[in-house]
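Spelled out, the chains give:
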Amino acid sequence: MEFEHLIDKDINEAKQGEALSITKNENSTKKMYIESYGCQMNFSDSEIVASILTKEGFSTTSDISKADLVFVNTCSIREKAEKTVRKRLEFYNSIKRDKNKGMIVGVLGCMAERLKEKFLEEEKLVDIVVGPDAYRDLPALINQVEDGRKAVNVFLSLEETYADISPVRLGGNGVTAFVSITRGCDNMCTFCVVPYTRGRERSRNPESIIKECKQLVKDGYKEVTLLGQNVDSYLWYGGGAKKDFGKASIRAQKKSLTFAQLLDKIAKINPLLRIRFSTSNPQDMGLDVIDIMAKHDNICNYIHLPVQSGSSRILKLMNRGYDRKKYLNLIDNIKNRIPDCAISMDMITGFCSETKKDHQETLSLMDSVKYDYGYMFKYSERPNTPAQRNLNDDISEEIKQKRLVEIIERQIEHSLINMKKRVGNTYEVLIEGISKKSKNHFYGRTTHNATVVFEKENTNIGECVMVKIVDCTSATLIGKIS
Ligand code: SAM
């Protein structure tokens with residue numbers, strides 16, 4: 001039984017293995033099928049890929065057997081994610097063998113970057129391997145394959161942000177959209193493969209971010225989520241890797257723009273545009289960001305603040321750059337400045353050498369914070385990470401799983417406590433779609449990222465409505481339009 005668990009997973013987040021569809025170019029003869037796995041960044045990247053290929057005359061099909069091109073945008077964060085992709089490749093292989101011999105199969109994203117040419121050798125089906133910074137090269141790589149050659153580009157860039165590419169919004173609801181603001185990560189957490197698969201951290205030109213947000217408003221979108229592995233670390237100084245900021249001219253450094261300043265500018269675009277961001281990293285989140293959140297009503301009262309462990313000893317081994325005390329201090333600052341701010345976390349159980357005492361400290365930290373939601377994982381050792389090279393993955397699967405179940409159960413208790421507190425209150429809810437369970441009900445989210453389900457009455461998707469909460473589960477609020 002698989003115990004890796006996401007609680008209250010945001011409806012917009014990481015719908016695993018979702019096949020995305022492009023509606024443009026419907027008369028095009030070339031058909032593309034793309035499936036995305038993993039984090040929101042991957043889904044956002046697939047929209048960039050779609051934009052690049054739409055210009056090349058591709059449209060999509062939801063029928064793989066009719067596709068000229070099949071791409072899987074992959075995730076390497078845990079072994080399980082990679083196993084899922086391998087299974088999909090076996091499936092594509094069977095389609096190619098039995099029904100669609102000319103089909104080109106490509107692997108995009110983090111797994112492509114991690115396995116590089118090895119992917120072509122291991123997975124005989126794969127024709128194209130493209131890392132996250134090489135999507136502009138896709139048209140040339142496809143031509144190469146059409147000429148009978150295998151194609152690989154896994155070059156990691158210090159500059160690429162795809163700033164000028166307008167993503168084709170795929171599989172969305174026309175109400176909420178992702179806007180990428182940084183790429184890569186410099187934090188070097190010892191467990192994490194991201195710095196090696198997505199490269200060094202760089203920030204996107206703020207003008208292009210603002211232009212994209214303004215266009216989204218014009219197109220009728222009501223909410224944007226600013227995306228990056230570590231959004232608080234955003235720093236625009238004219239382009240280039242964050243690590244090279246010190247080498248920039250004094251003038252460029254003086255004119256630089258931080259995340260708080262970017263957030264302030266985006267919040268001013270339109271007071272009716274809701275703004276969210278993900279992911280924050282506790283070592284980089286400053287009080288300036290919290291103050292800007294408090295200043296603007298349209299910045300949602302919700303922060304995803306991965307903690308990973310409640311034990312300072314483990315946090316040090318993870319190279320997280322903060323300890324328990326500093327993290328709890330940050331939580332206090334958030335709660336003092338934004339009293340009704342919802343907070344969620346990521347937590348890893350069974351990291352190298354984690355003792356019973358470390359695990360108890362994780363549970364006691366959870367008791368102190370009482371997170372609204374949590375995304376919890378068993379530690380999965382990743383090849384070539386500092387933890388894999390320098391530490392022992394010495395906690396048995398059985399103990400990892402037992403501890404995971406304990407933190408999941410604790411989180412469910414806390415989620416329920418927090419949700420119950422909302423019963424009786426009335427909140428503004430942005431309607432995002434029709435409830436999966438009943439076509440007479442809509443679902444939407446409050447500023448706190450809590451999902452609310454309510455009878456449609458005379459409302460429409462994309463509207464903000466006031467909803468009185470009448471009941472709840474640990475995952476969903478049930479309401480009535482007031
Ligand atoms: N950049 C964010 C941060 O570290 O604060 C999140 C990055 S990652 C895409 C999302 C989550 O996956 C992490 O916060 C962590 O909890 C989990 N994760 C990353 N590497 C992992 C590993 N090797 N094993 C288990 N979980 C892992």
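Structure first, text after, so check above.
Model, not experiment: these values are computed from the prediction. (Residues numbered from 1 in each chain as written. Predicted model: local features only at pLDDT ≥ 70, side-chain atom pairs only at ≥ 80, totals over all residues. Heavy atoms only, no water.)

Undergrad: Explain the pattern of salt bridges here, please?
TA: Oppositely charged side chains can pair when the atoms bearing their charge come close. In total, this model carries 38 salt bridges according to the counting rule given. Between R136 and E160 there is a salt bridge whose closest N-O contact spans 2.7 Å. On the criterion of sequence distance, the pair formed by R136 in the loop between β7 (128-130) and α4 (138-146) and E160 in the loop between β8 (151-153) and β9 (176-180) is long-range, its members being 24 residues apart. Here D358 and R313 are joined by a salt bridge, their closest N and O atoms 2.7 Å apart. Of this pair, D358 sits in helix α12 (residues 356-369) while R313 sits in helix α10 (residues 312-317), placing them 45 residues apart in sequence. Since its relative accessible area comes to 3%, D358 is described here as buried. Given the relative accessible area of 39%, R313 is considered partly exposed. Overlapping salt bridges, with partners in common, bring together D45, D133, R183, R198 and R202 in one network. (Salt bridge = Lys/Arg side-chain N within 4 Å of Asp/Glu carboxyl O. Helix = DSSP H or I, 4+ residues; strand = E, 2+ residues; numbered from the N terminus. Buried < 20%, exposed > 50% of the residue type's maximum accessible area, 1.4 Å probe, protein only.)

Undergrad: Looking at this structure, how should I read the sheet that holds strand β23 (residues 476-481)?
TA: Strand pairs in the sheet, formed through backbone hydrogen bonds, run parallel or antiparallel to each other. Here five strands make up a closed barrel; going around it, the order is β19-β20-β21-β23-β22 and the pairing mixed. Strand-to-strand, the axes of this sheet are offset by a mean angle of 55°, without reference to chain direction. When strand β20 (residues 441-445) meets strand β21 (residues 451-455), the two strands line up antiparallel, connected through five bridges. Considered in β21, the bridge of Y443 is made with V453. (Pairing = 2+ DSSP bridges. Axes fitted to C-alpha atoms, helices over the stretch in contact; angles between N-to-C directions.)

Undergrad: What should I look at first to understand the environment of S353 in this one?
TA: Along the chain, S353 turns up in the loop between β17 (342-349) and α12. Owing to a relative accessible area of 24%, S353 belongs among the partly exposed residues under this scheme. Here the alpha-carbon distance between S353 and R313, two residues 40 residues apart in the chain, equals 9.8 Å. Not counting chain neighbours up to four residues away, the residues in contact with S353 comprise R313, I314, L317, D358, N392, D394 and I395. (Contact = heavy atoms within 4.5 Å.)

Undergrad: Help me understand the packing of helix α11 (residues 324-337) against α12 in this model?
TA: Where α11 meets α12, the axes come as close as 11 Å, and the angle between the chain directions of the two elements is 15°. For the element pair α11 / α12, the angle class is roughly parallel. Our pair here, α11 against α12, has a crossing hand that is right-handed. Side by side, α11 and α12 meet where R324, Y327, L328, I331 and K335 of the first sit next to E361, S364, L365, S368 and V369 of the second. Within the contact of α11 with α12, the residues separate by chemical class into five nonpolar, two polar and three charged. (Parallel < 35°, antiparallel > 145°, perpendicular 65-115°, else oblique. Left-handed = near helix turned anticlockwise from the far one by under 90°. Nonpolar A, V, L, I, M, F, W, Y, C, P; charged D, E, K, R; others polar.)

Undergrad: Could you clarify how one ought to interpret the sheet that holds strand β12 (residues 223-227) in this entry?
TA: Here we have three strands laid out as an open sheet, ordered β9-β12-β15, and parallel in their pairing. The sheet is open, and its two edges are formed by β9 and β15 (274-278), each paired on a single side. Pairwise comparison of adjacent strand axes, ignoring direction, gives a mean angle of 25° for this sheet. Sheet topology note: the β12/β15 ladder contains five bridges and is parallel. The partner of T225 across the bridge, within β15, is R276. Sitting on the sheet, helix α6 (residues 206-218) touches β9 and β12, and the angle it makes with β9 is about 170°.

Undergrad: How should I be thinking about the site of the ligand in this particular structure?
TA: Among the 16 residues in the neighbourhood of the ligand, the closest are listed as Q229, Q308, R320, D346 and S380. R320 is positioned with one of its side-chain polar atoms (N or O) 3.0 Å from an oxygen atom of the ligand. Here an oxygen atom of the ligand sits 2.6 Å away from a polar atom, N or O, in the side chain of D346. Computed on the free molecule, the ligand has an accessible area of 570 Å², of which 93% lies beneath the protein chains in the complex. Its residues assigned to classes, the shell around the ligand comprises six nonpolar, five polar and five charged. (Near = heavy atom within 4 Å. Polar contact = N/O pair within 3.5 Å; in protein donor to acceptor, adjacent residues only side chain to side chain. Areas by Shrake-Rupley, 256 points an atom, 1.4 Å probe, with all protein chains shown as cover.)

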